[in-house]
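Observations on the model geometry
As a plain string of letters, each chain reads:
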Amino acid sequence: MRTIGLIGGMSFESSAVYYRLINEMVRDRLGGLASAEVLMYSVNFEEIVALQKAGRWDAAAARLGDVAHRLQVAGAECVLICTNTMHLIAPDVAARVSVPLIHIVDETATALKAAGRVKPLLLATRYTMEHGFYAERMARNGVSIMVPGADDRTTVHDIIFSELCAGIVKNESREKLVEIIERAKAEGADSVILGCTEICLILDPNGLAMPGFDSTTIHAQTAVDFALDAEKASTSQAA
């Protein structure tokens, strides 16, 4: 079994989901009391959020790049950034290690294409929806994303940071997200990406108006495949 390296803490709510999913998947594959070989470095999210708000992506890249390097030195044989937003700096993080950085956008695009979906709605933080890195990476993989309108982007962003990252799940917020999804379907979307690793805390991807793709589960599954199936493992490097 290969050792999985997780850069977590952004937020710890979704990092806990990663840890649970990876271990459940390994147990399902191997049976008995099997669990994954995992190293996690959990950062102080408050510090990362401050850098995001200040537009200090260079400093954030240096911080997470150092974490990735530490994970490799400790024995990680792949690295995952356990958040979509910070994949904005994934190329810089990948440059600090010689092991594969498994890229959440590439793996989500692969799942969409396998299901024949090419025009998904992206629900994510404002940074992920607006900075362009996500759409560009998806386009490289033949997928053209849709994003909500300006007011809806604000709603989604606020639900993520003010509620989900704090472990708060509100029914009224779930209803708002469902309404956004339904509007997108009427506008031609053929699926929806839960493109923030906390959104799985509030939405069931299998219970939406369109097929849902949970980036957290997809990312975790790829890590398990890497750990257990060397010949089949995705070794997607950020570029």
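What you see is a predicted model, and the numbers here were worked out from it, not measured in a lab.

Re the side chain of T128
With respect to the helices and strands, the residue T128 is situated in helix 6 (residues 126–130). On the basis of relative accessible area, T128 is assigned to the buried category, the value being 1%. Separated by 3.0 Å, the side chains of T128 and T85 make a polar contact.

Section: the packing of helix 1 (residues 12–30) against helix 10 (residues 215–228)
For the pair helix 1 and helix 10, the least separation of the axes is 9 Å and the interaxial angle reads 45°. Regarding the angle of helix 1 to helix 10, the classification is oblique. Crossing geometry of helix 1 relative to helix 10 is assigned as right-handed. Side by side, helix 1 and helix 10 meet where V17, Y18, L21, I22, M25, V26, R29 and L30 of the first sit next to T216, T217, H219, A220, Q221, A223, V224, D225 and L228 of the second. Classifying every residue of the contact of helix 1 with helix 10 gives 11 nonpolar, 4 polar and 2 charged.

A closer look at the confidence of the model for the protein
The predicted model of the protein averages 95 in pLDDT, with 96% of residues at 70 or higher. Below pLDDT 50 for its whole length, residues 231–237 participates in 21 contacts with residues either more than four positions away or in separate chains.

Quick word on empty space enclosed by the protein
Per the counting criterion, the structure on display carries 1 cavity of 30 Å³ or more. The class makeup of the residues in the lining of the largest cavity is 6 nonpolar, 8 polar and 1 charged.

Some words on the sheet that holds strand 1 (residues 4–8)
If you walk across this open sheet you meet the 3 strands as 2-1-3, and the pairing is parallel. The two strands at the open ends of the sheet, each matched to only one other strand, are strand 2 (38–42) and strand 3 (78–81). Sheet twist, expressed as the mean angle between neighbouring strand axes with direction ignored, is 20°. As paired elements, strand 1 and strand 2 share 5 bridges and run parallel to each other. Within the sheet, the bridge partner assigned to L6 lies in strand 2 and is M40.

Focus on helix 1
With 19 residues, helix 1 extends 27 Å from end C-alpha to end C-alpha; this agrees with the ideal 27 Å at 1.5 Å per step. On its buried side, helix 1 packs onto strand 1, strand 2, strand 3, helix 5 (104–114) and helix 10. Trailing helix 1 by a residue or two, G31 shows a phi angle of about 80°, which is positive.

Focus on the packing of aromatic side chains
Here the structure, examined in full by the defined rule, presents 4 aromatic pairs. The interplanar angle of 75° and the centroid separation of 5.5 Å between the aromatic rings of W57 and Y127 together place this pair among those described as edge-to-face. Placement of W57 in helix 3 (residues 57–74) and of Y127 in helix 6 is noted, with a sequence separation of 70 residues between them. Exposure class is identical for W57 and Y127. Each is buried. Ring geometry for Y127 against F161: centres 6.4 Å apart, planes inclined by 90°, an arrangement best described as edge-to-face. Of the two residues, Y127 is situated in helix 6 and F161 in helix 8 (residues 150–163); the sequence distance between them amounts to 34 residues. Given a relative accessible area of 13%, Y127 falls into the buried group. Site record: aromatic cluster; members linked through ring pairs are F45, W57, Y127 and F161. Cation over ring: R2 sits above F226, and NZ or CZ is 4.2 Å from the ring centre.

Calculation rules
- Residues numbered from 1 in each chain as written.
- Predicted model: local features only at pLDDT ≥ 70, side-chain atom pairs only at ≥ 80, totals over all residues.
- Heavy atoms only, no water.
- Helix = DSSP H or I, 4+ residues; strand = E, 2+ residues; numbered from the N terminus.
- Buried < 20%, exposed > 50% of the residue type's maximum accessible area, 1.4 Å probe, protein only.
- Polar contact = N/O pair within 3.5 Å; in protein donor to acceptor, adjacent residues only side chain to side chain.
- Axes fitted to C-alpha atoms, helices over the stretch in contact; angles between N-to-C directions.
- Parallel < 35°, antiparallel > 145°, perpendicular 65-115°, else oblique.
- Left-handed = near helix turned anticlockwise from the far one by under 90°.
- Contact = heavy atoms within 4.5 Å.
- Nonpolar A, V, L, I, M, F, W, Y, C, P; charged D, E, K, R; others polar.
- pLDDT = per-residue confidence, 0-100.
- 1 Å grid on protein atoms, 1.4 Å probe; cavity = no way out; pocket = protein on both sides within 12 Å on 5 of 7 lines; lining within 4 Å.
- Points joined across faces, edges and corners; volume = space filled by probe spheres on them.
- Pairing = 2+ DSSP bridges.
- Expected span 1.5 Å × (residues − 1).
- Phe/Tyr/Trp six-rings, centres within 6.5 Å; stacked < 30°, edge-to-face > 60°.
- Lys NZ or Arg CZ within 6 Å of the ring centre and 35° of its normal.

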